[in-house]
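Below are the chains, spelled out letter by letter.
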Amino acid sequence: MRRWQLALAGSGFVLSLLVPLVVHSDYQLQVLFRIYLFAALGLAWNLVGGYAGQLSLGHAAYFGAGAYGLALFTRAGMPLWAALVMLVGLAMLFALLIGGVSFRLRGPYFALATIAFAEVLHAAAKNLPRVTGGDVGVPVPALFHTHANRSFYLCAVLLTAATTAATFLISRSRFGYYLMAIREDQETALSVGVNAARTKLHALLVSAAFTALGGALYGSLFLFIVPDQVLSIDISNEIAIVAMLGGAGTLAGPMVGAAVLESASEIFKTIFQEAHLLIYGLLLIVVVLFLPEGIMGGVEAIVRRRK
Amino acid sequence: MNLLEIEHVTKRFGGLLATNDVTFSIREGEIGFIVGPNGAGKTTLFNLISGVFHPDSGTIRFQGRDISRIRPNQAAELGIGRTFQVVKPLRNLTVLENVMLGAFLRTRSGTKAAEESRGVLRYLQMEKIADSPASGLPLPMLKRLEIARALATRPRLILLDEVMSGLSTAEALALAETLKKLPEWGISAVGGVEHVMQVVMSIADRVVVLDHGTVIAEGTAKEVVHEPRVIEAYLGSKYKELGL
Amino acid sequence: KGGGGQSNTFKIGVVSSFTGPQAAFGQAHKNGYTLALADLNAKGGVLGKPIELVYYDDQGRPDQAVQGVAKLVDQDHVPVILGAYTSENTRAMIPAVTQREVPLLIPTSVADNLMQTGSPWVFRVCQGSGNYAHAILDFLKHNGDPKTIAIIYENTNFGQSNDTAMREAAQQAGLTVVDEEAYQASSPDYKALLARVKAKNPDAIYFGSYLLDASTLMRQSAEVGLDPRYYTAAGTGFSAAEFPTKDKGAGAYAEYTISVSQWLPTAKWKGSKEFDEAFLKLTGTHPAYHAMEAYVTLAIAVAAIEKAGGANPVAIRDALRALWLPETPFGPIRFDEHGQNDHATLVTQIQDGQYKVVWPPDAAEAKPIVPTPPWNKRQK
Amino acid sequence: MSETLLALESVEAGYGDFQALFGVTLEVPEGAVISLIGANGAGKTTTLRVISGLLRPKSGTIRFRGEDISRVKAHEMVERGISHVPEGRQLFPHMSVEENLALGAYVPRTRPRLKKLIAEQFALFPKLAERRSQIAGTLSGGEQQMVAIARGLMAQPSLLLLDEPSLGLAPKVVDEVFEKIREVARTGVTVLIVEQNVVDGLSISDAGYVVENGAVVLSGSSKELMANEQVRAAYLGL
Amino acid sequence: MDFFTTLQAVVNGVLTGALYALVGMGMALIFGVMRIVNFAHGTFMMLGMYATYVLFVQAHVVPYYSFPLVALGMYGLGYLIYMALLRPIHGQSDFMQILLTLGIGLAITDAIQLVFGADYHQINFPLLEKNLHLGSHITVNAPWVVSFGIALVTGGGLYFFVMHTMSGRAARAIAQNRYAAPLMGIHLHRVQAFWFGLGVSAAAVAGSLLLPVFYLYPGVGDQFTLKAFVIVVLGGMESIVGAAMAGVLLGVVESLTSLYWGNEWALAVDFAIFLLVLSLRPSGIFGRQKA
Ligand SMILES: Nc1ncnc2c1ncn2[C@@H]1O[C@H](COP(=O)(O)OP(=O)(O)OP(=O)(O)O)[C@@H](O)[C@H]1O
Ligand SMILES: Nc1ncnc2c1ncn2[C@@H]1O[C@H](COP(=O)(O)OP(=O)(O)OP(=O)(O)O)[C@@H](O)[C@H]1O
Ligand SMILES: [Mg+2]
Ligand SMILES: [Mg+2]
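Residues numbered from 1 in each chain as written. Chains lettered and ligands numbered in written order. Predicted model: local features only at pLDDT ≥ 70, side-chain atom pairs only at ≥ 80, totals over all residues. Heavy atoms only, no water.

## Notes on the overall build of chain E
Counting secondary structure elements, chain E contains 10 helices and two strands. Along chain E, helices (α) and strands (β) appear in the sequence α-α-α-α-β-β-α-α-α-α-α-α when read from the amino end. In summary, chain E has a C-alpha radius of gyration of 19 Å against a globular reference of 19 Å for 291 residues, a match within 12%. Along the longest, intermediate and shortest principal axes, the C-alpha atoms of chain E span 60 × 50 × 30 Å. Evaluated residue by residue, chain E yields a buried proportion of 66% over its 291 residues. Counting contacts in chain E only where the partners sit at least 6 residues apart, residues at least 24 apart contribute 77% of the total. When the accessible surface of chain E is totalled, it reaches about 9500 Å², and 69% of it is carbon and sulfur. Mean positive and mean negative side-chain charge positions of chain E (11 and 10 charges, respectively) differ by 21 Å. (Helix = DSSP H or I, 4+ residues; strand = E, 2+ residues; numbered from the N terminus. Rg over C-alpha atoms; globule rule 2.2 N^0.38 Å. Buried < 20%, exposed > 50% of the residue type's maximum accessible area, 1.4 Å probe, protein only. Contact = heavy atoms within 4.5 Å. Areas by Shrake-Rupley, 256 points an atom, 1.4 Å probe, with all protein chains shown as cover. Lys, Arg positive; Asp, Glu negative; His and termini not counted. Charge placed at Lys NZ, Arg CZ, Asp CG, Glu CD.)

## Thoughts on the coordination of the magnesium ion (ligand 3)
All names here are of chain B. Within the protein, the magnesium ion (ligand 3) binds to Thr 43 (OG1) and Gln 85 (OE1); these donor distances fall in the range 1.9 to 2.2 Å. On the criterion of sequence distance, the pair formed by Thr 43 in helix H1 (residues 42–49) and Gln 85 in the loop between strand E6 (80–82) and helix H3 (95–103) is long-range, its members being 42 residues apart. Thr 43 gets classed as partly exposed once you look at its relative accessible area, which sits at 25%. (Donors = N, O, S within 2.8 Å, 3.2 Å for Na, K, Ca; no water.)

## Topic: the coordination of the magnesium ion (ligand 4)
Residues and elements named next belong to chain D. Coordination of the magnesium ion (ligand 4) by the protein comes from Thr 45 (OG1), Glu 87 (OE) and Glu 87 (OE), over a distance range of 1.8 to 2.8 Å. With a gap of 42 residues between them, Thr 45 in helix H1 (residues 44–51) and Glu 87 in the loop between strand E6 (82–85) and helix H3 (97–104) connect regions that are remote in the sequence. A relative accessible area of 31% means that Glu 87 is categorised as partly exposed.

## Notes on the interface of chain E and chain A
Each partner contributes residues to the interface: chain E has 36 residues there, and chain A has 42 residues. For the pair chain E and chain A, the summed buried surface comes to about 3400 Å²; carbon and sulfur atoms form 82% of the total. Taken as a group, Phe95(E), Leu99(E) and Leu275(E) account for 18% of the area that chain E buries against chain A, more than any other trio of residues on that side. Linking chain E with chain A are zero salt bridges, by the criterion used here. Where chain E touches chain A, the interface holds three residue pairs in polar contact (both at pLDDT 80 or more). (Buried area = accessible area lost by both parts, 1.4 Å probe. Salt bridge = Lys/Arg side-chain N within 4 Å of Asp/Glu carboxyl O. Polar contact = N/O pair within 3.5 Å; in protein donor to acceptor, adjacent residues only side chain to side chain.)

## Digging into the sheet that holds strand E10 (residues 215–221) of chain D
All names here are of chain D. The six strands lie next to each other as E6-E7-E8-E3-E9-E10, forming an open sheet whose pairing is mixed. Each having just a single partner strand, E6 and E10 make up the two edges of the open sheet. Neighbour to neighbour, the strand axes of the sheet diverge by 15° on average, direction disregarded. Pairing geometry for E6 and strand E7 (residues 159–163), over four bridges, is parallel. Paired with Ile 82 across the strands is Leu 159, a residue of E7. Contacts from helix H6 (residues 141–154) reach E6 and E7, with the element oriented near 175° to E6. (Pairing = 2+ DSSP bridges. Axes fitted to C-alpha atoms, helices over the stretch in contact; angles between N-to-C directions.)

## Some details on helix H5 (residues 142–164) of chain E
Here H5(E) contains 23 residues, and its C-alpha end-to-end distance of 33 Å stays within 8% of the 33 Å for a straight helix at 1.5 Å per residue. Residues of H5(E) that are buried: Ala142(E), Pro143(E), Trp144(E), Ser147(E), Ile150(E), Ala151(E), Gly155(E), Leu158(E) and Val162(E). (Expected span 1.5 Å × (residues − 1).)

## Describing the site of ligand 1
In the vicinity of ligand 1 lie 21 residues, with Lys42(B), Thr43(B), Thr44(B), Thr138(D) and Gly142(D) positioned nearest. Looking at the residues close to ligand 1, they fall on chains B, D and E. In this structure, an oxygen atom belonging to ligand 1 sits 2.9 Å away from a main-chain N or O atom of Gly41(B). Compared with its free state, where it exposes 640 Å², ligand 1 has 91% of that area covered by protein. Secondary-structure elements contributing two or more residues to the shell around ligand 1 are strand E2 (16–27) and H1 of chain B together with H6 of chain D. For the shell around ligand 1, a count of residues per class yields six nonpolar, 11 polar and four charged. (Near = heavy atom within 4 Å. Nonpolar A, V, L, I, M, F, W, Y, C, P; charged D, E, K, R; others polar.)

## A look at helix H6 (residues 191–200) of chain C
Residue and element names in this part refer to chain C. Most of H6 sits inside the fold, with seven of its 10 residues counted as buried. Within H6, the full set of buried residues consists of Lys 191, Ala 192, Leu 193, Leu 194, Ala 195, Arg 196 and Val 197. Once H6 finishes, Asn 201 follows within two positions and takes phi at roughly 50°, a positive value.

## Things to note about the sheet that holds strand E1 (residues 4–15) of chain D
Residue and element names in this part refer to chain D. One open sheet accounts for four strands, arranged E2-E1-E4-E5; its pairing is antiparallel. Across the chains shown, the open sheet's two edge strands, defined by having one partner strand only, are strand E2 (18–29) and strand E5 (67–68). Helix-sheet contacts for H1 involve E1, E2 and strand E4 (59–64), and the interaxial angle to E1 is about 115°.

So this is what it looks like as structure tokens:
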């Protein structure tokens, strides 16, 4: 990453923070919120999926931990800050469990193990109404009372900035090198002393922590959650799709992916009515066929060819 | 003092004895070579020393410490570097970055790691290609890259599995010249397996000959090539004729 | 702002599940709305403008339903929203409409927790699950008075609400709940679950199920020989028009089941028959009550807007509160202080493949057949 | 010598923007054993890849039995009688030795004789018979090389392309392998062999070509090449 | 729970499991053998159900006769999808296959809704009413038994084809070494398309057989995709027999979970077993242990 790219990213975030001065429609702010939220989630996913090459399709587990954590810990009487700490802790605990079981597995086994874990949590949330409220749902406390949409939007921008910064720092550190080495060839990584299991676990812990914060933010915006909303495989898929479509293992990929997918989904709904999923599906197919390394991967290839 | 001691090490795969009661040792500052026909158990032995496999029985000691059950990354931390018979460069990274990966074992700082790595590349005469991507390198360079990455971890012992196979005699001899200097750096080496006997003879202090997982001869290169069992199992009759 | 003040149509927002697992019901909504829209616009629309419905597809996902509220209110400036289909989605929308101060009219979601939020912006046209449970218990009390009951429900907001409602109501009424069985909707095989219930030998069974599971459950009940004295249900699947049919429901296996009903094409209310005919013409099938509920919900919204005299959400809310529509095809409409329409709940039983109202006595058109004959005594 | 089986004429080829071959011209007579010699990266492997259709030449023609095959795809080559034993063995790692061999006889021409052909390979490489049901990925390097060669022979080729068959083999095994190659050649199979091990390579060959930087710089009979000063200096280390 | 109730649950589980097995075997070809991560598997099953439904409604052919036709048609569709969409991205990362097949699944499901509507359908014919009695305690519903038989025969055929024909070997060879396969004379894409088509067609046949006892709507296949993945991994990836056994096992486990714990936990138990097996025996219950 060159200096000008850093400057670009920085000014991008500053500009994003100024958006509410221009955009007043709550709806547009909410769509923008979703874009930034999923950018942050995609970036968090990218640490594990893109950099370390471990395809997680179960990030809903951490997302749900965030949303349910906020609801349940505050219901138990904890102050907000403590609940935030606890929910991050809960997500990291899940990460520890998932990582423990599945990091010994490779390739598709790992992906399926993450799905399975998230689905077990999903079922537990549905079937244990005494703990989670079951499908009847639980209320989530409001993080902001005035100018809610604007505040949530700004929070999402900050979360994206934080994940971007974290990803940037990690990608240039020894940790980041190790992640890439594991992705490329785990045996080589081991031979130079990389504790692959621990390195992957650390990446997952960081990823889970950011994802949980995203989940808490999301739950609080809706004020009320049910398992299907925050623990379903749709959430896991959406997080992964945003990053993969944008370009796994690139810094800008998740942001681009979130912007394209979330706005496409909204626009298609209005234009194509019941056919919007057909068009959305075709969009995925077309991107894969014409930009097989994701959008940013494709852009990079073009830049390289120019050079 | 013995740096590495292999004592009665046996490893089975199913019914197959890949190494059978193998015993030998390598002293500090020594270059040893394990030779033997294909399937003799050389790679298996390296995998045992570097923690990829664990012996079914017997012990492996490194600097006096039992390392029979360590994991590969722990072996690296203790100072055992290794190369792979089938080269495994990280293809999306540059040569320098590949080597830095090794250097990161001893430092967290990227600048330090880069500096260290450039030193290693200089030693292996690879500084010119430091910034080219590892993919698309010719085989001799890939073999050297394997060595460079292992050296960057600052090992006390380096395991070189077939680093010279696929090289022409001239190239192999050039590499051997370089490797000869390893002990000056305080690094001992166990070379894997070179079928290029000429090269083995020129740099090995000690040669262990394996056949069917069993040690059939041990000594200096000159000694072992005259052992009838070695000639029969490994070298073939031609070497006798050549009278090496 | 509001109702497309400047534009030449009057916009009303609709959220429902037009794609995804609940799409069949979203489409039923859409058909109901389409018929209502045609009728209302033929009568001159509202406040002199033609009505335009702005649909938002929630894909069966609560977060999308909430997104829909934001779009419809902030972007399309609708002054009132109708929706959603599932109880989960509707529940998720309540904070959003409350925050934005726009009235929400609920056509079909029956979960009790929808009306417990205290939000003054929520109005429900259909009856809730608590009411269902009471109606069924009232019927049972006067028709043989069973002592034990088992509840079988899908593990969704809808199902869990019905379970809770029945459990609490049964306890009050002195019935013992011997079993509560949740199930994962759309499973191909419920025989093991039914075997469990059989082992508990309840006098009555109370189902909280959608149509397809209702059909599967009844077929497989016959297969495992589950013979309670009463098969009862919390409406929905068990009161769908298709349920007693052979092609889309349980056919003969639906016979004798007792359920509550919000509406039937044969209902005595004025306009029911016409709606049935119009629906048949539009889609080629008879309507389920979902379509009717959507139909009447739009009519209610328009009536309130007329009364409010403009697109002001507060005025519309107040108009809804005071609304009294004595004659709709869905029966009289009036919202209580919590926003619940006090809709008369009928208890029906399927007899000879037809829904027959059997309770309360003043509305009954047939005598209930109780207890349910065991499977091996039924005629094939 | 007999008829020309394979002829390359000014073949150019490369990988993406990188050009590896700059006009390779050579001829392989039927029944002969021909060596391709050259330093690392000279383009020997690339030449074989172009012949077996794994890589499409940018220009030039490749004739096999007089027919232009430069556009024929790799999988059709086998049926025509060209069998390529690639550099680096390239076995099917999770299959048994026997299954690997069976796949060598995949094409319709050889499929009916599957059993007989496998038996022939086991006779040629008795070591493989012992390991017949071992999973190929767990074989030692040398054992894998033998499987690769045997698998190539399963297709009963009229032209066998061998890319560094001695790579990673013990001296004794190298001798054996070269002996086997000579045996194969005696049965009438034409062999084009790429070798780093120049002495051994030329010792079993009738003639050879020296490749440098993607072009043929020298050719001649094995004797001539062995005697050539340039060759002796560059490749024999003498 | 008494003995016969449990036995009945096991019998029911085996019957359901046979259909899971068939779905799983299709997935074992596509994912286990060819390593194509197919998130549209359930969608293909759904298409099979719709095809069967149309044949029943339009031509009055019951599924037990129409399934070969459905299989053939879906084979063709699978072949085309492979050639048109999967072939261009062959050799790319798993990520792209996931995106692509998710896209295919979404597009097809929505297209079906646009054509057939979102409404539910089911079919009816006299056999469905028949129950068979095994002894005095065990009852089985006739259509399940017929489906079981057909699934068994189809599955057995599939197994033989993969393990004992050159074409099956070729498919496995491609999965293991794409570079070497053409050197054996294997036409990579033709073989892959063939097996992809066959995998799709196995899923579709499972759909045909499920239709008589289930109902039909555009999203009906979704729940089967994940199950199919679970089955393949439990079965040991490349093993067709393993997938079949894992499918049956899953059916029985679900049935017993419903009986002893509650139906709502059945899916969670599937996944829990999956996690347990993966952590204890990463090569699957029925897979060959690799060193
Ligand atoms: N993971 C394994 N599972 C089963 N057998 C194995 C495994 N690894 C190695 N073997 C067997 O153990 C024996 C020794 O193999 P090893 O790779 O150590 O030989 P090597 O001496 O390195 O040979 P080469 O010179 O050919 O590389 C061989 O017969 C091989 O087939
Ligand atoms: N897949 C590839 N992509 C890019 N360049 C390649 C590729 N394969 C080979 N090359 C390059 O093409 C040139 C010729 O390579 P080739 O493999 O034909 O050499 P060779 O003579 O067989 O060498 P060796 O003795 O190392 O096998 C080399 O510079 C090599 O780096
Ligand atoms: Mg070896
Ligand atoms: Mg080569």
